[in-house]
Amino acid sequence: MKTTEILLTIKLHQELFIDPKRVRLLKAIQECGSINQAAKNAKVSYKSAWDHLEAMNKISPKPLLERNTGGKNGGGTSLTTYAERLLQLYDLLEKTQEHAFHILQDEKIPLDSLLTATAKFSLQSSARNQFFGKVAGQHVVDSRSIVKVDIAEFPALLNVSITFKSVERLRLITEKEVMVTFKAPWAVLSREPQSGQVNQFAATILSIADEEAIVRLSEGGAELCTGIHGQDYWAVGQQVWVHVDPEQIILASMK
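This text gives an overview of the structure that appears in the document. Owing to the predicted nature of the structure, the values given are computational and were not obtained by experimental measurement.

### Considerations on the pattern of salt bridges
Taken as a whole and assessed by the stated rule, the structure comprises six salt bridges. In this structure, E247 and R144 form a salt bridge, with 3.8 Å as the shortest nitrogen-oxygen distance. You can see E247 sitting in the loop between β13 (239-244) and β14 (250-253) and its partner R144 sitting in strand β6 (residues 144-150), a full 103 residues away along the chain. Taking the relative accessible area as the measure of exposure, R144 reaches 24% and is therefore partly exposed. Across the pair R216 and E223 runs a salt bridge whose closest N-O atoms are separated by 2.9 Å. Judged by relative accessible area, which is 38%, R216 ranks as partly exposed.

### Quick word on helix α1 (residues 20-32)
The end-to-end C-alpha distance of α1, which contains 13 residues, comes to 18 Å, matching closely the 18 Å that a straight helix rising 1.5 Å per residue would cover. Those residues of α1 that fall on the buried side of the exposure criterion are R22, V23, L25, L26, A28 and I29. Once α1 finishes, G33 follows within two positions and takes phi at roughly 70°, a positive value.

### Overview of the sheet that holds strand β7 (residues 158-162)
The strands making up a sheet associate through hydrogen bonds between their backbones, and the pairing can be parallel or antiparallel. Read from one edge of the open sheet, five strands run β7-β6-β5-β8-β14, paired in antiparallel fashion. Every interior strand has two partners, whereas the edge strands, β7 and β14, have only one. Ignoring which end each strand starts from, the neighbouring axes of this sheet average 45° apart. Direction of pairing for strand β5 (residues 129-141) relative to strand β8 (residues 177-182): antiparallel, over a ladder of six bridges. Bridging from a neighbouring strand, N129 pairs with F182 of β8.

### Quick look at helix α3 (residues 46-59)
An ideal rise of 1.5 Å per residue puts 20 Å on 14 residues; α3 measures up with 21 Å between its terminal C-alpha atoms. If you check which residues of α3 are buried, you get A49, H52, L53, M56 and I59. Buried residues of α3, seen end-on, are gathered within an arc of 145° and therefore sit on one face of the element. In α3, the exposed residues that point more than 90 degrees away from the buried face are K47 and K58.

### Observations regarding the nonpolar core
Ranked by internal contacts, the top residues of the largest apolar core, which has 32 residues, are F154, L172, V180, L189, L224 and L251. Residues L26, A28, I29 and A49 belong to the second largest nonpolar core, which totals 23 residues.

### Concerning the sheet that holds strand β12 (residues 223-227)
Spatial ordering of the open sheet is given by β9-β13-β10-β11-β12, a layout of five strands whose pairing is antiparallel. Strands at the two margins of the open sheet, each flanked by one partner only, are β9 (187-190) and β12. Recorded for the sheet is a direction-independent mean angle of 45° between the axes of neighbouring strands. Taken together, the four bridges between β9 and β13 define a ladder with antiparallel strand orientation. Residue pairing in the sheet places S190 in a bridge with W241 of β13.

### Focus: the packing of aromatic side chains
With the rule as written, the count across this model stands at five aromatic pairs. Seen from their ring centres, Y46 and W50 are 6.3 Å apart, and the 80° between their planes marks the pair as edge-to-face. Here W50 and Y46 lie together in helix α3, a separation of four residues that amounts to about one turn. Seen in terms of ring centroids, F154 and F201 are 5.4 Å apart; in terms of plane orientation they differ by 85°. Their pairing is edge-to-face. Taken together, the residues F154 in the loop between β6 and β7 and F201 in strand β10 (residues 200-209) connect sequence positions 47 residues apart. The side chain of R191 reaches across the aromatic face of Y233, ending 3.7 Å from its centre.

### Here we look at the environment of T181
Residue placement: T181 occurs in strand β8. On the basis of relative accessibility, which here comes to 6%, the residue T181 falls in the buried class. Between the C-alpha atoms of T181 and L251, which are 70 residues apart in sequence, the distance is 6.7 Å.

### Focus: the packing of α1 against α3
Between α1 and α3, the shortest axis-to-axis distance is 11 Å and the interhelical angle comes to 100°. In terms of their interaxial angle, α1 and α3 are classed as roughly perpendicular. Seen from α1, the contacting residues are K21, R22, L25, L26 and I29; seen from α3, they are A49, H52, L53, A55 and M56.

Thresholds applied
- Residues numbered from 1 in each chain as written.
- Predicted model: local features only at pLDDT ≥ 70, side-chain atom pairs only at ≥ 80, totals over all residues.
- Heavy atoms only, no water.
- Salt bridge = Lys/Arg side-chain N within 4 Å of Asp/Glu carboxyl O.
- Helix = DSSP H or I, 4+ residues; strand = E, 2+ residues; numbered from the N terminus.
- Buried < 20%, exposed > 50% of the residue type's maximum accessible area, 1.4 Å probe, protein only.
- Expected span 1.5 Å × (residues − 1).
- Pairing = 2+ DSSP bridges.
- Axes fitted to C-alpha atoms, helices over the stretch in contact; angles between N-to-C directions.
- Arc of directions from axis to C-beta.
- Core = buried A, V, L, I, M, F, W, Y, C linked by side-chain atoms within 4.5 Å.
- Phe/Tyr/Trp six-rings, centres within 6.5 Å; stacked < 30°, edge-to-face > 60°.
- Lys NZ or Arg CZ within 6 Å of the ring centre and 35° of its normal.
- Parallel < 35°, antiparallel > 145°, perpendicular 65-115°, else oblique.
- Contact = heavy atoms within 4.5 Å.

Shown next as structure tokens:
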């Protein structure tokens with residue numbers, strides 16, 4: 001089986017700042033506290049190690065190394081906090097690149113949406129229901145903002161109730177991509193439509209197990225995981241109505 005190797009390079013001011021070779025050198029310094037020993041561990045010459053370090057320090061916004069004097073080992077060299085954070089960021093970016101390449105294999109995940117792609121390959125949630133859409137509008141009800149979300153798999157706009165501060169923090173504007181999530185118990189089933197309810201959709205029960213049911217909306221085709229009480233009261237293939245309280249829905253977006 002072929003393995004995929006993705007090499008990450010970061011440039012600053014159009015000059016090479018960090019790459020896998022320089023990362024290995026910085027990590028070696030972090031481990032042993034000596035440039036000389038780090039060069040040996042990284043399998044580069046001492047001169048080459050110095051050339052790399054000088055090139056990085058020349059364009060780095062902050063110092064990467066600090067000299068330690070005295071002590072029983074006669075001092076040495078250590079990484080600054082900035083350099084340590086740089087290594088952490090590099091590791092994080094490598095993992096992100098690897099995850100991003102993996103989603104290429106799943107044609108169900110759209111690659112024209114940063115929010116959808118990021119959530120699909122990196123976000124795990126206890127909420128079984130997770131959908132993606134765009135803000136279609138907002139209005140105020142009882143000192144809260146009702147955000148209307150257009151989700152392709154839903155027959156109508158989904159209403160989400162959040163605070164004004166959340167609207168500001170999420171920077172919600174019309175057409176912004178958002179993710180909505182809600183747990184199974186928050187999607188309530190009924191045999192008949194309930195008067196005056198928003199977020200109420202006709203659906204069909206697909207499966208029942210462990211006090212949960214999977215239902216498919218009659219229009220749009222979205223599949224929801226819902227909680228149920230009394231399994232004898234429900235049956236696979238049964239026509240039902242599902243309702244989700246606007247205040248039980250969590251809204252998320254990219255900055």
